[in-house]
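Structural overview for review
This is what each chain is made of:
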Amino acid sequence: MTKKILMVVTNFSNINDDVQTGVYLEEFAVPYLVFKATGYEITIASPLGGNSPIDESSLSCSNPMEWDEPAKLLKDTVKLSCVDYKTFDALFLPGGHGPMFDLATDKKLKEVVEYMNDNKKIIAAVCHGPAGLLTAKDSNGNSILKNKHVTAFSNKEEHIVKMTEFMPFSLEDKIIELGADFIAEKPWSEHVEISDNIITGQNQNSALLTAESVISLL
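What comes next is a walk through the structure. Not measured: the values here are computed from a predicted model.

Bringing the overall build of the protein chain into the picture now. Within the protein chain, the secondary structure is distributed over six helices and nine strands. Here the C-alpha atoms of the protein chain give a radius of gyration of 16 Å, agreeing with the 17 Å that 2.2 N^0.38 yields for 218 residues. Along the three orthogonal principal directions, the C-alpha set of the protein chain runs to about 40 × 35 × 30 Å. By the burial criterion, 54% of the 218 residues in the protein chain qualify as buried.

And the structure:
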């Protein structure tokens, strides 16, 4: 039977009048294309449905042409509340700074993550995608990240891209507060942590390995 992947992306676009954000294209496009090539059935959803804005900093003339198809799909996502999430085998959360502002607090996504975790289905997130896992709890009322090996966009990387002051919180600090063992390699390293059913990637350079890890576990 064909495996089903639910990819949940951000709807958030503007931090202020001068700073734009959204989903980081590579972190969506690369996993999407890998999942598609593997033959998986993919649903792309967001909290509000409709357009998931692409972070302009992830758009470049050097981007491969094959990213054009995934980019177009981001313009018309399914509203997450309309998705029968219990039919999926894995959840994948791409990053970009957008998830820090909506996925981090979305109640429906919390419900989805908790169901996936309770049923030992695969939960994967890359870069700022782990922000979407912060509120989810296990059956004992603990964070699903407690005692897990977890990585994400690090404080060092946030400082390098000069976005620390614009973030509502530090993703690294929050993950540590929840009781996880936060592990980061050097900035921009390709780095993935797998802890039971939870897979996390550190940054955009980790998107491919994160997706391949999902396929390996499936």
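Quick look at helix α1 (residues 25-38) now. When the terminal C-alpha atoms of α1 are compared, their 20 Å separation across 14 residues agrees well with the 20 Å that a helix rising 1.5 Å per residue should span. Taken together, the buried positions of α1 are occupied by L25, E27, F28, A29, V30, P31, Y32, V34 and F35. Its buried side turned inward, α1 meets β1 (4-8), β2 (41-46), α2 (68-73), β4 (90-93), β5 (122-126) and α6 (207-217). Of the residues trailing α1, G39 is marked for its positive phi of about 95 degrees.

Evaluated as defined, the whole model comprises five salt bridges. Note that K36 is salt-bridged to E69, the shortest N-O span being 3.0 Å. On the criterion of sequence distance, the pair formed by K36 in helix α1 and E69 in helix α2 is long-range, its members being 33 residues apart. A residue is classified by how much of its surface remains accessible, and K36, at 42% relative accessible area, is partly exposed.

The phi angle at K120 is positive, at roughly 55 degrees, despite the residue not being glycine. With respect to the helices, strands and loops of the structure, K120 is situated in the loop between α3 (107-118) and β5. The phi dihedral of C127 is positive, around 65 degrees, even though this residue is not glycine.

With that settled, the discussion passes to the environment of I194. Tracing the chain through its elements places I194 in strand β8 (residues 192-195). Sequence separation of I194 and I123 is 71 residues, and the distance between their C-alpha atoms is 10.0 Å. In this view, I194 contacts I199, S213 and L217; residues no more than four positions away in its chain are not counted.

Overall, mixed pairing links the seven strands, which are arranged β3-β2-β1-β4-β5-β9-β8 in an open sheet. Because the sheet does not close on itself, it has two edges, and the strands there are β3 (78-79) and β8. Here β1 pairs with β2 via five bridges, running parallel. When the bridges of β2 are listed, V8 appears paired with A45.

Rules used in this analysis
- Residue positions within a chain follow its written sequence, with the count starting from 1.
- Side-chain atom pairs in this predicted model are given and counted only at pLDDT of 80 or more, local residue features only at pLDDT of at least 70, and totals for whole chains, interfaces and linings cover all residues.
- Each side-chain value is worked out from all heavy atoms of the structure, with water and hydrogens disregarded.
- Where helices and strands are cited, they refer to DSSP runs of H or I of at least four residues and of E of at least two residues respectively, numbered from the N terminus.
- Atoms counted for the radius of gyration: C-alpha only. Globule rule: 2.2 Å times the number of residues to the power 0.38.
- Type-normalised accessible area, obtained with a 1.4 Å probe on protein chains alone, sets the label of each residue: buried when under 20%, exposed when over 50%, and partly exposed for intermediate values.
- For a helix, the expected span equals 1.5 Å multiplied by the number of residues minus one.
- Working rule for contacts: check all heavy atoms of both residues, and any pair within 4.5 Å makes them a contact.
- Put simply, a salt bridge is a Lys or Arg side-chain nitrogen that is within 4 Å of an Asp or Glu carboxyl oxygen.
- The criterion for strand pairing is that DSSP finds at least two bridges linking the strands in question.

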